[in-house]
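For reference, the chains in residue letters:
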Amino acid sequence: MNKSAKEGRGHPADDGRGVIKVGMSSCGIAAGAGEVFEALTKEAKGRGLNLEIKKCGCVGSCYAEPLVEVRLPCLPTVLYSRVNKEIALRILDEHIVNKRLLNDLIIDLPMKR
Amino acid sequence: MSTTPTIILIKDTRLAGVDTTRDVQNVFEKCLKEAGIESHVQAVRAADMGVYERGVVVKLLPQNVFYGNVKDEDVSLIVNKTLKKGELVEHLALRNLPSQVRVVLRNCGVINPESMEEYIQEKGYEGLRKCLLHLTPAQVIDEMKKSGLRGRGGAGFPTWMKWNLARSSVAEQKYVICNGDEGDPGAYMDRSVLEGDPHSVIEGMIIAGYAIGASKGFFYIRAEYPLAVERIHLAIKQAYEGGFLGQNILGTKFSFDLDVRLGAGAFVCGEETALMASIEGKRGTPRPRPPFPTQAGLWEKPTIINNVETLANVPVIFQRGGDWFSAIGTEKSKGTKVFAITGKVKNSGLVEIPMGITMREIVYGIGGGAADGKKVLAVQTGGPSGGVIPESHFDTPVSYEHLQELGSIMGSGGMIVMDEDDCMIDIVKFYLGFCVEESCGKCAPCRIGGYQMLKLLEKISEGNGTDQDVASIKRIAKAMQKASLCALGQTAPNPVLSTLRYFEDEYKQHIGDKKCRAGKCGKLLQYRIMPDKCKKCRLCQLKCPSNAVVGDKEKGYEVVQAKCVKCGVCYEVCKFEAVERI
């Protein structure tokens, strides 16, 4: 059972490996998620980061696409909005490597599952 | 304090005034340093916290503590009390916020839609397992009855009843159809579910098949949704490989096959009888009911047709129980509803709310109000079959019954927000124009009535309307409602009737005063150059396509109304706002 996926946003990943999820439904792709996904995959590899980068559906906040969720074992999980290629690289360098969250990009909506 | 480092999300949620998010962040950082926990706690500026007009809002993660109206002096209190001792600062805590409840969209944005393993990790196919191994078809329908789920495609027919009717029809072959022909302007929740969580719809269809005794199902998806089609195809393939489709599912005697049919984009094919004709390879036109599809549907066999969102609810009902489901929502409208909220709203997108919360909570609480700080005038729900709900009725709970009382419908869940720049006649012309375009032409009330009504509306919007025209519109509307063959024609007059009900003044303005408040009805406008603001740059004269701007650098310029074609170019190009539109 993948517990981390169940616990939802705000909680850290618990299996030791960081996970990045990119919203890749029509709305995300139209806003440029494909490019972001590619950049993350390529650059994470280039930086030698042990990350799982995967696609997911649309979480509903279409106005804020592309959305990228970052789940690390050591930090609460957050969702970045309006991510482009450049922000994607900042996420890798600042959030993943330095464990410093990026300002002015996180969205956090009240939601019960 | 927990071992996970804390993050503090900060956002100034006031719509007007200076944004103080950065200042509060500085205060937090200073305070954290003084407390000696700056290495363990990060203060971060957020982009959106989903609450509005609550001053500076602060959220602590992973504690999930939410504070509002935070002042600089409260910061040390939060740091010392909540962060160091784990106590709540009562007077700042935000409670009972309008919150989304994710039932249909539970997996959207959470799992990888291309992976069946991830769906199974989220309890996917557990509901199916329970049905096939532990429940009889009659018990499945009983559980559906307990849940109170009603069709999410528009009319709100109780799902269990539809299933029960099909179950009691005797036939060798029965069918299950998933209606994914989502065509209402502004509605796209079905696409999102198909793209974000395809297996949940498949699971819903298999359960439906088991309940009614069908061995074959069809997805009917519009061809304009290529990604949804691709992901459904992949998910069906995976479900076959996983033993959830095909012969002897989960080792039982039940077998079920699924296939995909693409709709070619005709709106009327979302109507169930037209949809079945289309699957049969015939021209997609509706036929009179009865017989209802549950008696004689696809190829004259008993058939149920459920909407994507309805089917996505089904697996959860069996995972968590019909009682759990019916605890959400109002007395007669159970569960949640997904709305696609678009138009002049700040946060456009999908929202899933429990039935019974008010329109105000959706538009202002979750949608963030109108974009650009304008005033919200109304919300249109239910697409071309729905109506307009004015701001004065925003405190009405959102449910099938309440929306109907207001002259609108739940519909598939499109919600288009309109602000003061929108003209109701213009909006209605759009919706009616859509229905006229999409009318299949088979029955006269819809084909002729819609066209004539649109002509009358055009006449009004051009300033040639009379009171008699409004009476004619009402008469045609009644005929269409009573005599059209299918819901497309029966409901096409709804936007017109609801605007006549709530915005009669606008019709009177267009007819009597020959004025359009919003400036949308081009023929009613006059363009005028204001001599005191005009810098005599001549740009309007150069751009005017009909040589209606006359004058020279000495005397100034003016618009000759007789020549003006009301294209608005002069208004748009003027850099000094010297052209007025009245």
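Residues numbered from 1 in each chain as written. Chains lettered and ligands numbered in written order. Predicted model: local features only at pLDDT ≥ 70, side-chain atom pairs only at ≥ 80, totals over all residues. Heavy atoms only, no water.

Enquirer: Honestly, empty space enclosed by the protein in this entry has me stumped. Any pointers?
Expert: Here the idea is plain: a probe the size of a water molecule rolls over the atoms and shows the empty space left. In this structure the tally under the stated criterion is five cavities of 30 Å³ or more. Taken as a whole, the largest cavity holds about 160 Å³ of empty space. Around the largest cavity, the lining is made up of 21 residues, and of these A:Leu109, B:Gln100, B:Asn347, B:Val351 and B:Ile366 lie nearest the centre. At three residues, strand 11 (residues 349-354) of chain B tops the list of elements feeding residues into the lining of the largest cavity. Broken down by class, the residue content of the lining of the largest cavity amounts to eleven nonpolar, nine polar and one charged. (1 Å grid on protein atoms, 1.4 Å probe; cavity = no way out; pocket = protein on both sides within 12 Å on 5 of 7 lines; lining within 4 Å. Points joined across faces, edges and corners; volume = space filled by probe spheres on them. Helix = DSSP H or I, 4+ residues; strand = E, 2+ residues; numbered from the N terminus. Nonpolar A, V, L, I, M, F, W, Y, C, P; charged D, E, K, R; others polar.)

Enquirer: Would you mind going over the interface of chain B and chain A with me for this structure?
Expert: Buried accessible area, meaning the area lost when the parts come together, often serves as the stated size of an interface. Facing 50 residues of chain B, the contacting portion of chain A comprises 46 residues. Surface buried jointly by chain B and chain A totals about 3,900 Å² across both partners, of which 50% is contributed by carbon and sulfur atoms. Summed over the shared surface of chain B and chain A, the number is four salt bridges. Joining chain B to chain A, the criterion identifies 22 residue pairs in polar contact (both at pLDDT 80 or more). It is strand 2 (residues 41-48) of chain B that provides the largest number of residues to the side of chain B that touches chain A, a total of seven residues. Among the residues forming the side of chain B that touches chain A, the class breakdown is 21 nonpolar, 15 polar and 14 charged. Where strand 5 (residues 106-107) of chain A and strand 2 of chain B come together, two bridges link them in parallel fashion. Looking at strand 2 of chain B, one finds that A:Ile107 is bridged to B:Asp48. (Contact = heavy atoms within 4.5 Å. Buried area = accessible area lost by both parts, 1.4 Å probe. Salt bridge = Lys/Arg side-chain N within 4 Å of Asp/Glu carboxyl O. Polar contact = N/O pair within 3.5 Å; in protein donor to acceptor, adjacent residues only side chain to side chain. Pairing = 2+ DSSP bridges.)

Enquirer: Looking at this structure, I do not really get the sheet that holds strand 8 (residues 257-263) of chain B. What am I missing?
Expert: Backbone hydrogen bonds are what pair the strands of a sheet, in a parallel or an antiparallel way. Residues and elements named next belong to chain B. Taken in spatial order, the four strands of this open sheet run 8-7-6-9, and their pairing is parallel. Both outer strands of the open sheet, strand 8 and strand 9 (303-307), are each paired with one neighbouring strand and no more. Across the sheet, the mean angle separating the axes of adjacent strands is 20° when strand polarity is ignored. As paired strands, strand 6 (residues 175-180) and strand 9 are joined by five bridges and run parallel to one another. Counterpart to Asn179 in the pairing with strand 9 is Asn307. (Axes fitted to C-alpha atoms, helices over the stretch in contact; angles between N-to-C directions.)

Enquirer: Looking at this model, I keep getting lost on a negative patch on the surface. Mind explaining?
Expert: All names here are of chain B. Where like charges cluster on the molecular surface, the negative patch consists of Asp19, Asp23, Asp72 and Glu73. Among the secondary structure elements, Asp72 is positioned in the loop between strand 4 (65-67) and helix 2 (74-85). The class of Asp72 is partly exposed, set by a relative accessible area of 44%. (Patch = residues over 30% accessible without salt bridge, like charges linked within 9 Å, V, L, I, M, F, W, Y side chains within 5 Å. Areas by Shrake-Rupley, 256 points an atom, 1.4 Å probe, with all protein chains shown as cover. Lys, Arg positive; Asp, Glu negative; His and termini not counted. Charge placed at Lys NZ, Arg CZ, Asp CG, Glu CD. Buried < 20%, exposed > 50% of the residue type's maximum accessible area, 1.4 Å probe, protein only.)

Enquirer: Any chance you could explain the nonpolar core here in plain terms?
Expert: Judged by nonpolar contacts, the single largest core of 70 residues is most densely connected at B:Trp163, B:Ile202, B:Ile206 and B:Phe219. The leading source of residues in this core is helix 8 (residues 198-212) of chain B, at nine residues. Each of domain 2 (116-324) and domain 3 (336-419) of chain B gives at least three residues to this core. Dropping the residues within four chain positions of it, B:Phe219 is found in contact with B:Cys178, B:Leu194, B:Val201, B:Ile202, B:Met205, B:Ile232, B:Ile236, B:Leu258, B:Asp259, B:Val260 and B:Arg261. Core analysis: the next-biggest nonpolar cluster, separate from the first, contains 37 residues, A:Val36, A:Tyr80, A:Ile106 and B:Val51 among them. (Core = buried A, V, L, I, M, F, W, Y, C linked by side-chain atoms within 4.5 Å. Domains from an automatic or database assignment.)

Enquirer: Explain the domain arrangement of chain B here, please?
Expert: Residues and elements named next belong to chain B. Looking at the assigned domains, one finds that chain B contains domain 1 (6-92), domain 2 (116-324), domain 3 (336-419), domain 4 (424-513) and domain 5 (525-581). Taking only C-alpha atoms, the centre of domain 2 and the centre of domain 4 are 35 Å apart. On the side of domain 4, nine residues touch domain 2, which itself brings twelve residues to the contact. It is Pro185, Phe267 and Pro286 that lose the most area in domain 2 upon contact with domain 4, and together they represent 52% of the buried surface on that side. The interface formed by domain 2 and domain 4 contains zero salt bridges. Between domain 2 and domain 4 we count two residue pairs in polar contact (both at pLDDT 80 or more) in total. Among the residues making up the side of domain 2 that touches domain 4, the classes are represented as six nonpolar, three polar and three charged.

Enquirer: What's the story with a nonpolar patch on the surface in this structure? I'm lost.
Expert: There is a patch of nonpolar side chains on the surface, built from B:Phe157, B:Met161 and B:Leu165 and spanning about 250 Å² of accessible area. Along the chain, B:Leu165 turns up in helix 6 (residues 159-168).

Enquirer: Honestly, the pattern of salt bridges in this entry has me stumped. Any pointers?
Expert: Should the charged atoms of two oppositely charged side chains come close, the side chains can pair. As enumerated under the stated definition, the model contains 33 salt bridges over all chains in all. A salt bridge links A:Glu94 to A:Arg90; its shortest N-O distance comes to 3.1 Å. Of the two residues, A:Glu94 and A:Arg90 are both situated in helix 4 (residues 85-97); the distance of four residues between them amounts to about one turn of the helix. A relative accessible area of 33% places A:Arg90 in the partly exposed class. Its salt-bridge partner being B:Arg14, residue B:Asp12 comes within 2.9 Å of it at the nearest N-O pair. Accessibility expressed as a relative area gives 40% for B:Arg14, which makes it partly exposed. Members of the salt-bridge network, linked through shared partners, are A:Lys21, A:Glu69 and A:Arg71.

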